[in-house]
Amino acid sequence: MPSFNVDSLLEEDKELEALGGYPFRFGYAFDVNYALEDGRWLNDGDRNVWSLRFRSNNAYSLNFGFSQLALAPGAELYVFSTDGSMVYGPVTEVQNTTDGWLYTIPVSGEDVVVQLIEPASIKGQSLFTVSQVIHGYKNVVPSPNELPSLTCYNDVCSYSGYTDYSDAVCRILNSGSSICTGALLNNTSQNYTPYVLTAHHCIGTGEPASWTFQFRYKSCTTSVSFNYADAKAAWEQDSGTDLLLVQLRSALGDQDLLFLGWDRTSTAPSSGTTIHHPAGNQMKISFANSAFSAYTPTSATSSNNYWLGTFNSGSAEPGSSGAPLLNANNQVVGQMRGSTVPSPVCPPVPLIFGRFDHSWTGNGTAATRLRDWLDPNTTGVQALNFLPLFTFNGPDLVPCSGTVTYTIPQTRATSATSITWSVGTGLEIVSGGSTRTVTVSRSGSVPSAGVNVSITYGGVTKVLSKQVDIGSPKITGITGPSSVPISSSAVFYAEPYFAANQGNYEWSVPNATFTSNREMCTVSFPYTGTFQVGVRSTSSCTTPGTYTWKNVSVTLSYIVSSGTNKLVSVSPQTGDGADPSRTIGYTLYDQETGVFVRAGRLSVQGGNLDFSSVPAGIYLLRLDTGTGTFDTHRVLLK
């Protein structure tokens, strides 16, 4: 990459940081345009590997903005340091989005490779453009033994009592070049909706759709990243509380994360804790042992929208913006705006946080307040506990014979005070009813049943449920045409496909003739109208499940031929069993201009249309069969 004036950027950063209200900038973005044809392909047996190497002298790190990202199934995209010190990836088709943008986290070093690995069978099917290369002129990827900018910072890994709460906190990369802090918030439905609270001023120049959220970025753990979010509630820092609530576009999977609880009462916190990423550093924790007070910044146009507290252990600086303020019960009561003194400094440090209770009602609309998102069912709850993220993994099908297992993957489950599994009628627990892994088998003839687990951790109980099929998979859909002409037969397929040893398919098409071969069904419809095609799965050990149905509209189709003297003959390919006195509509258009020429009606049984007064030419004749579909033909009048 070309050189640039780092000193001028550092000076500009100092001025912005003195003003406050800006995200922490660490990188300079080069706008570039590199595609697959600019890299090098190598064949590695059953894989094809594409690579493109980037170097930017004296960079602490490099990260990348990809546009038009569309990875093929099976493809993996990596970014890694040439010295082997750091690897980011794999990025897979799961990260594809409609807008095609993705920013990576910073990878250490000035010499970095972008690499695409595809199975040999799909070479060249992935697409992307490297549109930005971000040169890290500040170090946001420190080595494990590297000290932060202040010696008074507290490494969150040294405070075991905050391990849970820190698993909710993330480093936010704004369009790849600036950094803030955010945290997952619980909602009263406790349904794991991935809401992240941060500061409104963190938007800077990049909308949340281009953000990267890096959780567990600590000295003692491995981080995990998610891309893309949508803003849900925002209230600016001068007129409001510097509030920004976003929702991640992807679920969090089975990661060891946690959703923080909150307190929306107006009581000032008697003490406070904040967990954050100062200057983009690995996670730190700071403490205030004295009470907070309502505060109005000098630039604010409304009063007392903030809490002000003095932190006597730890500190904060740009990059900490958006960090959660926890009260004595470790519930969120605000998000960090900044400090009343220039940073960074060691304690005592006065820090400002947007008040959660004021953000709850915001400026009176869903787009400016938390209430609509964090209490969607209007329960009126004043305070809410944290919620550990728990999932359980296992098959969707329990076979007629043998056993299957279901497991809670999160390591936090090893410290749960209670784990209790239960199953519905038709299943039985073979072993492990109170452990992370349970073994289940069939015990009855019903086609489906529930697998449930109740987990109590930190005084909070979460119940998870999964409906599973027994004997054979449930049919989830039918592929095939939704509309067919009466003169033709149609083929339909049941989804999903499953092997013969997992059961069979049973088809039903009332009032029509059909033949079936397991997952495939061929149907001949006797007349026009709406028919239903249905299928269900069956097995040797259970009663059949319910049918899945697909509506099919059967329409008339006609043979149209042009005769002499501009007469056009219209006749049905086959009868439809309808009243012969029924009529259908027709419309004639000039093919070249699309201009309407004539309209009328004729018998459902067809007939001759006299267009002798219409100029010679090529026309389109559209027949309205009365079922919401049209039969269109080209006719030559001469």
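For the structure itself, look to the data block above.
Residues numbered from 1 in each chain as written. Predicted model: local features only at pLDDT ≥ 70, side-chain atom pairs only at ≥ 80, totals over all residues. Heavy atoms only, no water.

1. Points about the nonpolar core
Selection criterion: In this text, buried Ala, Val, Leu, Ile, Met, Phe, Trp, Tyr and Cys residues form a nonpolar core when linked through side-chain atoms within 4.5 Å. The rule is simple: take the accessible area with a 1.4 Å probe, protein chains only, and divide by the maximum for that residue type; under 20% is buried, over 50% is exposed, in between is partly exposed. Two residues form a contact once any of their heavy atoms are found within 4.5 Å.
By size, the foremost hydrophobic cluster in this structure holds 73 residues, and its most contacted members are F213, F215 and Y406. With near-sequence residues (within four places) excluded, F213 lies in contact with C170, R171, I172, V196, V224, S225, F226, Y228, A229, V246 and L248. In this structure, F24, F54, L71 and I134 belong to the second largest nonpolar core, which totals 37 residues.

2. Examining unusual backbone geometry
The criterion, for reference: Here a strand is any run of E in DSSP of at least two residues, a helix any run of H or I of at least four, and the numbering for each starts at the N terminus.
For the bond from G89 to P90, the omega torsion is 5°, close enough to zero to count as cis. Positionally, P90 belongs in strand β7 (residues 87-91). Cis geometry is adopted by the peptide bond preceding P348, which originates at P347 and carries an omega value of 0°. Structurally, the position occupied by P348 is in the loop between β27 (332-339) and β28 (349-355). A positive phi angle is found at Q190, which is not glycine, with a value near 50°.

3. Some remarks on the sheet that holds strand β39 (residues 483-485)
For clarity, the cut-off: When DSSP finds at least two bridges between two strands, those strands are taken to pair. Where helices are involved, their axes are fitted lines through C-alpha atoms of the stretch in contact, as for all axes, and angles between N-to-C directions lie from 0 to 180°.
Strand order in the open sheet formed by four strands is β39-β45-β44-β41, and the pairing between neighbours is mixed. The open sheet is flanked by β39 and β41 (504-508), the only strands paired with a single partner. Strand after strand, the sheet turns through a mean of 30° between neighbouring axes, direction not considered. Pairing analysis gives three bridges linking β39 to strand β45 (residues 548-555), with the strands arranged parallel. Residue pairing across strands places P485 opposite T555, the latter belonging to β45.

4. Looking at the side chain of S320
Within the secondary structure, S320 is located in the loop between β25 (306-311) and β26 (324-326). S320 sits in the buried class, given a relative accessible area of 0%. Apart from residues lying up to four places away in sequence, S320 is in contact with T181, H276, H277, P278 and M336.

5. As for the state of the cysteines
Rules: When two cysteine sulfur atoms lie within 2.5 Å, the pair is treated as a disulfide.
Tallied over the full model, the rule gives four disulfides. With its sulfur 2.1 Å from that of its partner, C180 forms a disulfide with C202. Measuring handedness by torsion sign, the sulfur bridge of C180 and C202 sits at about -95° and is left-handed. Highlighted residues: C180 in strand β14 (residues 178-185) and C202 in the loop between β15 (195-199) and β16 (211-215), separated in sequence by 22 residues. We classify C202 as buried; its relative accessible area is 1%. Here C400 engages in a disulfide with C541; their sulfurs sit 2.1 Å apart.

6. Description of the pattern of salt bridges
What counts here: A carboxyl oxygen of Asp or Glu within 4 Å of a side-chain nitrogen of Lys or Arg is what we treat as a salt bridge.
Within the structure shown, the criterion is met by 16 salt bridges. Across the pair D13 and R25 runs a salt bridge whose closest N-O atoms are separated by 2.8 Å. On the criterion of sequence distance, the pair formed by D13 in helix α1 (residues 6-19) and R25 in strand β1 (residues 24-25) is long-range, its members being 12 residues apart. Note on D13: relative accessible area 3%, which makes it buried. When the shortest N-O distance is used, the salt bridge between D164 and R412 registers 2.8 Å. Of this pair, D164 sits in helix α2 (residues 163-166) while R412 sits in the loop between β32 (403-407) and β33 (418-423), and the two are 248 residues apart along the sequence. Across the pair, exposure class does not vary: D164 and R412 are buried alike. Three or more residues joined by partner-sharing salt bridges are found here, namely E12, D13, R25 and K138.

7. Structural notes on the environment of V345
As for its placement among the helices and strands, V345 is situated in the loop between β27 and β28. With relative accessibility at 29%, the residue V345 sits in the partly exposed group. Residues V345 and S219 lie 126 residues apart in sequence; the distance between their C-alpha atoms is 22 Å. Apart from the residues lying within four places of it in its own chain, the contact partners of V345 are L150 and S315.

8. Some details on the packing of aromatic side chains
Short version of the rule: Aromatic pairing here means that ring centres of Phe, Tyr or Trp (its six-membered ring) are within 6.5 Å. Orientation follows from the plane angle: under 30 degrees is stacked, over 60 is edge-to-face, and everything else is tilted.
Counting across every chain of the model gives 32 aromatic pairs. Ring geometry for W262 against W360: centres 4.9 Å apart, planes inclined by 45°, an arrangement best described as tilted. Of this pair, W262 sits in strand β21 (residues 262-263) while W360 sits in helix α3 (residues 356-361); the two residues are 98 residues apart in sequence, bridging distant segments of the chain. Both residues of the pair, W262 and W360, count as buried. Judged by centre distance (5.2 Å) and plane angle (45°), the ring pair of Y527 and F531 falls under tilted. Given a relative accessible area of 35%, Y527 falls into the partly exposed group. Its relative accessible area of 4% is what places F531 among the buried residues.

9. Looking at the pairing of strand β5 (residues 61-70)
Among the 10 residues of β5, eight are classified as buried, and the element is accordingly described as predominantly covered. Where β5 meets strand β9 (residues 107-108), two bridges bridge the pair, whose relative direction is antiparallel. What sits directly across from S61, in β9, is S108. In terms of strand pairing, β5 meets strand β11 (residues 127-136) through eight bridges, oriented antiparallel. Bridging from a neighbouring strand, S61 pairs with G136 of β11. As judged from the two bridges shared by β5 and strand β8 (residues 102-103), these two strands associate in the antiparallel manner. Each bridged residue has a counterpart across the sheet, and for F66 the counterpart in β8 is L102.

10. Details of the pairing of β14
Among the eight residues that make up β14, eight are buried, leaving the element largely enclosed by the rest of the structure. The sheet contact formed by β1 and β14 spans two bridges and is antiparallel. Residue pairing across strands places R25 opposite S178, the latter belonging to β14. Here strand β13 (residues 169-174) pairs with β14 via six bridges, running antiparallel. Its bridge partner lying in β14, V169 is registered against A183.

11. Details of the side chain of H200
When you line up the elements, H200 lands in the loop between β15 and β16. Since its relative accessible area comes to 19%, H200 is described here as buried.

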